Amino acid sequence: MQRALLAALLIGLAAPAVGTFIVQRRLSLLGDGIGHIALTGVALGLVTSTSPLLGAIVVSVLGAVLIEVMRSSGRTGGDLALALLFYGGLAGGVLVTNFAPGGSTSNLLSYLFGSISSVSSDDLYVIGGLVVAVLVVLAVFGRELFLLCQDEEMARASGVRVRFLSILLAVVAALTIVVAMRVVGLLLVSALMVVPVAAAQQLTRGFKATAALAMVYGVVAALGGLTASYQFSVGEVNISPGPAIVVTALALFAASAALGPLARRRAARAADGPLESERDTALEEVP
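Below is a summary of the structure that appears in this document. This structure is a prediction, so every number in the text was calculated from the model and none was measured.

With that out of the way, let us pick up the overall build of the protein. Broken down by element type, the protein carries 11 helices and 0 strands. Along its sequence from the N terminus, the protein presents helices and strands in the succession α-α-α-α-α-α-α-α-α-α-α. Burial statistics for the protein: of 287 residues in total, 47% are counted as buried. Considering only intrachain contacts with a sequence separation of at least 6, the fraction spanning at least 24 residues in the protein is 74%. Working note: accessible area of the protein is about 14,200 Å², and carbon and sulfur atoms make up 65% of it.

At their nearest, the axes of helix α1 (residues 2–24) and helix α10 (residues 207–231) sit 8 Å apart, and the two run at 145° to each other. As for how α1 packs across α10, the hand of that crossing is right-handed. Facing α1, whose interface residues are A4, L5, A8, L9, G12, L13, P16, A17, T20, F21 and Q24, α10 presents F207, A211, A214, M215, G218, V219, A222, L223, L226 and T227. Across the contact of α1 with α10, the residue classes break down as 16 nonpolar, 5 polar and no charged.

Side chains of M1, L5 and Y230 sit close together on the surface and give an oily, nonpolar patch of about 290 Å² of accessible area. Position of M1 among the secondary structure elements: in the segment before α1.

Roughly 340 Å³ of volume is contained in the largest pocket. Elements represented by at least two residues in the lining of the largest pocket include exactly α1, α6 (121–150) and α10. Among the elements that make up the lining of the largest pocket, the one with the highest residue count is α6 (6 residues). Split by residue class, the lining of the largest pocket holds 9 nonpolar, 2 polar and 2 charged. Roughly 220 Å³ of volume is contained in the second largest pocket. Every residue lining the second largest pocket is counted, 15 residues in all, and those nearest its centre are I116, S117, S229, I239 and P241.

Cut-off values and rules
- Residues numbered from 1 in each chain as written.
- Predicted model: local features only at pLDDT ≥ 70, side-chain atom pairs only at ≥ 80, totals over all residues.
- Heavy atoms only, no water.
- Helix = DSSP H or I, 4+ residues; strand = E, 2+ residues; numbered from the N terminus.
- Buried < 20%, exposed > 50% of the residue type's maximum accessible area, 1.4 Å probe, protein only.
- Contact = heavy atoms within 4.5 Å.
- Areas by Shrake-Rupley, 256 points an atom, 1.4 Å probe, with all protein chains shown as cover.
- Axes fitted to C-alpha atoms, helices over the stretch in contact; angles between N-to-C directions.
- Left-handed = near helix turned anticlockwise from the far one by under 90°.
- Nonpolar A, V, L, I, M, F, W, Y, C, P; charged D, E, K, R; others polar.
- Patch = residues over 30% accessible without salt bridge, like charges linked within 9 Å, V, L, I, M, F, W, Y side chains within 5 Å.
- Salt bridge = Lys/Arg side-chain N within 4 Å of Asp/Glu carboxyl O.
- 1 Å grid on protein atoms, 1.4 Å probe; cavity = no way out; pocket = protein on both sides within 12 Å on 5 of 7 lines; lining within 4 Å.
- Points joined across faces, edges and corners; volume = space filled by probe spheres on them.

Structure below.
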């Protein structure tokens, strides 16, 4: 449980941090596409009796680069490129798994829906290293990535290396998805990247504030969902940690959406307060 909590904490920080840039660039479904591609890598690891995590990393990174090349070439739209690799990755993963020892697709269930309780110390070291690498990349290239996500044409005119940064962002997203598959599973990993960001956008305006609050939401959802699944699994009823984490994130979004209008009214009132008081004073002086 201690290893599971630490893994959830790391993923809760990294996934929304990357997701903020993904959402800003209007590629919210990128996580789903890469997640299904990673399934083929998991299957290759099972067939070759090597590490499924390593296979998922290699295949998902290659798939992320391919998605970005197809999108930027203009021949295939971003949504169409995602759809093609979405179905191809899912079908390839199931098909290749049939050649694995045992030949059962049940081996994929722990990767599809997450198996955070089975995280070992070695897995934790890999997760920690990848999460640190992801956060370092975002810290170093954060300003350029922000400009790229805001306006690609303006970024290109400003001398930003658009192609390099686009591929870098896709690779970082792929690494985050592979790391998070042990926590929430490949089918739900995109939710942990998108939902905390969507919730934070209900209460914040600036990019930095949104990213910071999204990371807080991500940690709360990951730790809260994992704790709830542990506490409320009684008798024969077992609550899966992955879905519990996503449901917690959705609850945070619902609460933020309900409080959003109130927060915006208060912010507008605070900003207009001095002007309104001066206007009221001026009206009182008019005979």
